[in-house]
Amino acid sequence: MAEEKAQAVIECRSVYKIFGENARKLLEESKGRVDEEEFSKAGCIIGVNNVSLEVHQGEMLVVMGLSGSGKSTLVRCISRLTDATAGEILIDGQDLLKMRNKDLIELRRHKMGMVFQNFALLPHKTVLENIAFPLQVKGVKTADSHGRAREMIELVGLVGREKSFPRELSGGQQQRVGIARSLAVEPDIWFLDEPFSALDPLIRREMQDEFLRLQSLLNKTIVFITHDFDEALRLADRIAIMYHGRVEQIGAPVDIVLNPVTDYVKKFTNEVPRERVLTTASVMEPKQEGQELSEFTVAADVIIEQVAERVLSATKPVAVVDGQGEIIGVLNCKRILHILFGKPS
Amino acid sequence: MVHLPTDRKSIQVALLFIVFAVLVAGKGVMPGWLLTWPASVTLPIAEWLNQALFFLQDEFWKITVIDVEEDLAEETTAVMLISRGVSDALQSSIDVVRNILLGGRKGFALPALPWTAVAGIAFVIGYALQGWRLSLLAGLSVIYLAVFGQWQDSMRTLSLVFVAVPIALVLGLSLGVLAYRYKVVELTLAPLLNVAQSLPHFSYLIPVLVFFGIGDNAGAIATIIFATPPMIRLTLLGLKKVSVEVLESGRMSGCNNLQLLTQVQIPSARHDIMIGVNQVIMQCLAMVVIASFIGASGLGYTLLVMLGSLKIGKALELGISIVLIAIVLDRLSLAWAHKQPDYRADLPFYVRYKYWLAIVGLTLLSIIVSKFFPYAYKIPRSVAITTAPFWDFMVDWVVRNWYSGLQQFRTFLLVEVLIPMRDAYTSLPMVAVFALLMGAGLFLGGVRSALIVGAFFAFIALTGWWNKAMITAYMVSFSVLISVFIGLSIGIIASRRSFTTRYALLICDTLQTFPSFVYLIPVIMLFQVNDVSVLTAVIIYASIPATRYTIEGLRSVPQGLQEAATMSGVSRIQRLFKIELPLALPHIMLGVNQTVIFALFMVIIGAFIGTQDLGQEIMQALSESDMGKGLVLGLCVAFMGLAMDHLINRWALPRKQELGLA
């Protein structure tokens with residue numbers, strides 16, 4: 001698979017991050033097979049344990065895990081806010097860990113943007129100045145950087161609040177500033193570390209919609225961290241589920257819900273209303289010869305939730321069509337009912 | 001039947017006292033070297049220090065300086081050259097500031113800033129930082145200084161403060177940043193700062209006296225050295241408190257290290273750093289007053305002269321000026337610290353710089369006005385109002401009407417309480433004191449604490465100051481007992497209601513800003529010069545932290561707990577004794593710790609009006625310019641404070657965590 005696709009934007013190969021004094025030595029001795037008990041006896045704490053993954057151009061990878069699972073540590077390794085203990089991290093084919101400090105700063109000034117859970121705005125700067133800050137440290141002239149910052153303010157819908165200080169904004173507004181700041185340098189890679197976790201549920205929902213709208217405009221390569229499985233399902237192209245520093249499973253939301261590979265993943269998927277994950281294409285049955293169909297059709301890539309009511313109220317099975325309008329399968333009431341009310345297998 | 005407590009703690013306390021009592025009782029049969037340290041085995045640390053310092057000053061790294069004009073060759077040392085350079089540089093900075101405030105001397109023949117201009121500036125700054133109330137406080141205080149004939153001395157004192165503060169700030173900020181960056185620096189500075197902040201004021205004066213002589217420049221140096229440690233502390237604290245995410249956001253924005261420091265870390269730590277600025281200003285003012293002992297001119301020096309000749313009225317007047325300046329500087333710098341940044345970049349020029357324009361305008365106006373009305377330029381002493389006769393009258397009145405009463409009280413206190421207590425302290429066998437302190441250390445913090453406390457007191461014994469230290473200990477423990485009693489009483493009453501709490505804390509804040517030296521003035525007025533007046537000053541001064549911590553401790557008892565108690569039908573008294581006080585106790589003990597430190601400092605300063613303890617010896621070392629002796633004595637005082645600090649913290653901090661209050 002990997003050879004067929006273009007080169008990955010981010011590639012992690014057996015990345016480890018172990019906190020503690022003798023971490024490197026212990027890791028070498030254990031030859032990469034990290035036993036948690038043994039390490040904690042030696043005073044080490046495991047952050048990231050043998051993680052390998054790729055993120056491709058324009059893809060959104062959501063890293064999901066509960067607190068302490070190592071998801072934040074992983075994203076800090078990939079942005080090199082912390083140095084991985086072992087392994088390789090390639091950004092556009094360049095080895096991040098071997099990069100000199102100067103090049104790292106250049107990389108951050110041009111290619112990377114990051115949004116933080118608690119917004120991390122500079123308290124002494126206005127909205128405009130906060131957003132212009134990454135450009136200012138790069139040496140962009142004030143007039144230019146403020147011009148660019150104003151564009152960003154428009155993009156995130158904060159026009160009119162340019163001169164406010166972070167202390168005068170609501171949480172949702174502050175995070176809009178954080179998002180605008182991270183986008184100011186037009187990065188290729190966008191890290192979001194639980195960006196909506198500190199917000200109220202209603203605002204969170206609104207910000208997720210806003211975020212999807214932005215991504216449809218910008219099409220960045222994204223690593224998005226969350227502890228909220230619903231959020232992951234809503235946003236992700238692919239999800240990586242982390243547990244005790246390991247990636248338990250990585251794949252498209254549908255794959256994970258339908259085929260959880262470990263018990264841990266299953267615990268999450270059990271709770272998930274599957275009509276919100278599955279697409280019509282993934283549950284359709286082949287059309288039988290001479291079958292009578294309803295007059296309307298549904299597209300192949302919509303989730304069941306959106307069509308369930310219509311399919312259930314139809315008297316005949318409903319055709320599923322692809323982009324060209326070809327019938328590629330049919331949806332039966334029974335199948336939909338099973339998804340909505342049946343026990344997960 | 002008496003039920004004896006059998007838990008571990010009670011047994012430890014009982015054991016400690018039994019051992020102590022047995023050792024005290026067994027005094028008669030002990031060999032002499034257990035009772036007090038034999039004079040024959042003291043270490044001459046003071047002499048070693050003196051020799052080392054004289055070597056530095058006179059022998060180390062000799063340099064021949066050739067004066068081309070006079071064609072003279074002079075042999076000197078690097079240390080001398082540096083100290084002379086520093087002192088010259090400081091002197092010229094002081095001269096510049098004094099030229100502005102007090103008029104041209106030494107080269108510049110410019111006239112001084114009229115006092116009306118200074119008052120105008122004070123009004124504007126107060127208004128800009130907080131509003132009308134602060135503006136009135138600052139401006140009226142300046143007017144008071146001018147009208148009541150305190151101008152000359154006040155401006156001398158202020159000029160020293162204005163020179164010392166920026167230097168102490170830059171030094172403190174840089175060292176704080178270095179300590180944040182390099183663990184080694186932090187670890188090296190930590191114990192030095194601990195000692196530096198518990199060393200009495202006078203101990204700073206002696207080395208400065210030796211290296212820099214006497215005068216304003218020497219005073220400025222002592223002030224800078226004294227005021228820098230809190231700035232280092234608060235810079236480090238502020239930088240450490242900056243959230244990890246903000247740091248990360250700075251790094252992800254592409255900051256290099258310098259940009260991160262100047263544009264992210266320091267601005268984010270602004271509030272703590274500004275509190276540091278406030279501390280530096282207050283410490284500078286306190287030290288400038290005391291530096292009058294090594295010839296720093298100004299209010300402190302005049303005060304010293306007046307007290308020396310027992311002109312109490314004049315002294316009180318000076319004290320009021322010092323207190324006013326302290327309050328104004330404190331309020332202004334705090335207002336600056338709490339001020340949030342405003343957005344002004346796109347306002348028109350005259351709005352954006354309105355305060356600067358107001359300052360320039362008022363200055364020009366007062367210069368023009370003072371051409372026509374000389375009193376607007378300077379109010380000569382001869383026409384200035386003086387309150388001294390009033391104060392002298394008050395003193396006379398007190399003496400006339402209360403003398404016999406006060407005298408009786410004094411005699412009673414001396415004969416019945418103080419002298420017996422002093423005799424008890426000085427006759428304690430040394431081994432009993434060690435057993436008590438090290439035992440407490442052992443039970444509170446294990447062997448390590450016992451050794452630390454033991455080492456602190458061993459230094460005192462080894463340097464031969466045991467007996468004098470016990471006198472200091474007696475004075476401190478007497479005043480701490482009374483102060484804690486006063487503090488607890490006021491604190492408990494004040495914390496009942498929120499408005500009394502607020503006022504009590506405000507009074508504590510205000511009293512705490514006064515340079516400690518001024519506390520001596522009113523007590524001299526009441527009790528003349530003796531032990532009782534020193535102790536009274538110490539008690540007043542040390543009651544401040546005792547009160548403050550009691551209030552804070554009681555107020556920090558969680559609301560939910562209080563409500564739960566009330567709902568279980570507990571009476572008010574029960575609630576106080578069963579719930580509030582036990583929960584507040586750890587914080588109150590931290591207050592006791594502060595009380596001890598405050599008392600130690602004040603006891604030493606009290607030496608100025610006559611005590612027979614370590615403080616007196618320090619004063620003597622000062623008058624003999626005996627640097628080694630002065631430093632060793634200072635360390636003795638510091639170590640006593642640090643030992644108590646260690647013991648109390650070992651108890652209070654873990655206890656606070658156990659109670660879930662930390």
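Owing to the predicted nature of the structure, the values given are computational and were not obtained by experimental measurement.

Novice: Explanation requested: the overall build of chain B in the structure shown.
Specialist: Tallying secondary structure elements over chain B gives 27 helices and two strands in all. Relative to the compact-globule value of 26 Å for 662 residues, chain B shows a C-alpha radius of gyration of 27 Å, a close match. The dimensions of chain B, computed from C-alpha atoms along their principal axes, are 90 × 70 × 70 Å. Expressed as a percentage of the 662 residues in chain B, the buried residues total 45%. Considering only contacts within chain B whose residues lie at least 6 apart along the sequence, 77% involve residues at least 24 apart.

Novice: Please clarify how the overall build of chain A should be interpreted in this entry.
Specialist: Each helix and strand in chain A was counted, giving 14 helices and 13 strands. Along the first, second and third principal axes, the C-alpha atoms of chain A reach 70 × 55 × 40 Å. Taken across its 345 residues, chain A has 42% of its residues classed as buried. Across chain A, the fraction of contacts at a sequence separation of at least 24, relative to all contacts at a separation of at least 6, is 66%.

Novice: Would you take a moment to explain the sheet that holds strand 2 (residues 45-55) of chain A for this structure?
Specialist: Consider a sheet: its strands pair through backbone hydrogen bonds, and that pairing is either parallel or antiparallel. Residues and elements named next belong to chain A. In space, the four strands of this open sheet follow the order 2-1-4-5, with antiparallel pairing throughout. At either end of the open sheet lies a strand with only one pairing partner, and these are strand 2 and strand 5 (94-95). Alignment of strand 4 (residues 86-91) against strand 5, held across two bridges, turns out to be antiparallel. Across the sheet, L90 pairs through a bridge with D95, a residue of strand 5.

Novice: So what exactly am I meant to see when it comes to the domain arrangement of chain A here?
Specialist: It is common to give the size of an interface as the accessible area lost on bringing the parts into contact. Residue and element names in this part refer to chain A. Domain annotation for chain A reports domain 1 (57-84 + 98-274) and domain 2 (276-341). Between the C-alpha centres of domain 1 and domain 2 there is a distance of 35 Å. Listed by partner, the interface residues are seven residues for domain 1 and six residues for domain 2. Ranked by the residues each element gives to the side of domain 1 that touches domain 2, the list is headed by helix 10 (residues 253-258), at three residues.

Novice: Even after reading the chapter, I still don't get the sheet that holds strand 10 (residues 246-251) of chain A, so can you show me in this structure?
Specialist: Residue and element names in this part refer to chain A. Taken in spatial order, the six strands make up an open sheet running 6-7-8-3-9-10, and their pairing is mixed. The open sheet has two edge strands with one neighbour each: strand 6 (112-115) and strand 10. Across this sheet, the average inter-strand angle for adjacent strands is 15°, counted without regard to direction. Judged from the five bridges that link them, strand 9 (residues 238-243) and strand 10 form a sheet pairing that is antiparallel. Paired with I241 across the strands is Q249, a residue of strand 10. In the packing of helix 3 (residues 71-78) onto the sheet, the strands contacted are strand 3 (60-64), strand 7 (189-193), strand 8 (221-226) and strand 9, and the crossing angle to strand 8 comes to about 150°.

Novice: Help me understand the environment of L299 of chain B in this model?
Specialist: Residue and element names in this part refer to chain B. With respect to the helices and strands, L299 occurs in helix 14 (residues 299-308). According to the C-beta neighbour criterion, L299 is buried, with 29 such atoms within 10 Å. Here the alpha-carbon distance between L299 and L318, two residues 19 residues apart in the chain, equals 6.3 Å. Setting aside its immediate chain neighbours within four residues, L299 contacts D153, S154, T157, V289, L318, S321 and I322.

Novice: Looking at this structure, I do not really get helix 27 (residues 627-658) of chain B. What am I missing?
Specialist: Residue pairs spaced three or four apart in an α-helix point in one direction, given the helix's 3.6 residues per turn. All names here are of chain B. Along its 32 residues, helix 27 runs 45 Å from first to last C-alpha, staying within 8% of the 46 Å computed at 1.5 Å per residue. At N649, helix 27 shows its strongest bend, of approximately 30°. Among the residues trailing helix 27, G660 stands out with phi positive, at a value near 70°.

Novice: Explain the interface of chain B and chain A here, please?
Specialist: If you look at the interface, chain B gives 18 residues, while chain A gives 21 residues. Contributing elements (two or more residues each) for the side of chain B that touches chain A: helix 11 (244-252) and helix 12 (257-268) of chain B. Residue composition of the side of chain B that touches chain A, by class: seven nonpolar, seven polar and four charged.

Novice: Looking at this model, I keep getting lost on the nonpolar core. Mind explaining?
Specialist: As a rule of thumb, soluble globular proteins bury nonpolar side chains together. Counting 186 residues, the largest nonpolar core has A164, L205, C284, L285, V538, M602 and C636 of chain B as its most contacted members. Residues contacting L205 of chain B, with those up to four places away along its chain left out, are A222, A291, F293, I294 and L622 of chain B. Among the nonpolar cores identified, the runner-up in size contains 82 residues, and L27, V137, I179 and L233 of chain A belong to it.

Novice: What should I look at first to understand the pairing of strand 13 (residues 327-331) of chain A in this one?
Specialist: Look at any regular strand and the pattern is simple: side chains alternate between the two faces of the sheet. Residue and element names in this part refer to chain A. As defined by bridge partners, strand 12 (residues 318-321) adjoins strand 13 across four bridges and the pair is classed as antiparallel. Looking at strand 13, one finds that A319 is bridged to V330. Here strand 12 hands over to strand 13 after five residues, with G325 in that stretch at a positive phi of 90°.

Novice: Teacher, can you tell me more about the pairing of strand 1 (residues 10-19) of chain A here?
Specialist: All names here are of chain A. Burial analysis of strand 1 places seven of its 10 residues in the buried class, the great majority of the element. Bridging between strand 1 and strand 2 involves seven bridges; their strand directions are antiparallel. Bridging across to strand 2, V15 finds its partner in V51.

The rules we used
Residues numbered from 1 in each chain as written. Chains lettered and ligands numbered in written order. Predicted model: local features only at pLDDT ≥ 70, side-chain atom pairs only at ≥ 80, totals over all residues. Helix = DSSP H or I, 4+ residues; strand = E, 2+ residues; numbered from the N terminus. Rg over C-alpha atoms; globule rule 2.2 N^0.38 Å. Buried ≥ 20, exposed ≤ 12 C-beta atoms within 10 Å, placed from the backbone. Contact = placed C-beta atoms within 7 Å. Pairing = 2+ DSSP bridges. Domains from an automatic or database assignment. Axes fitted to C-alpha atoms, helices over the stretch in contact; angles between N-to-C directions. Expected span 1.5 Å × (residues − 1). Bend = angle between axes of the 7 residues up to and from the residue. Nonpolar A, V, L, I, M, F, W, Y, C, P; charged D, E, K, R; others polar. Core = buried A, V, L, I, M, F, W, Y, C linked by C-beta atoms within 7 Å.

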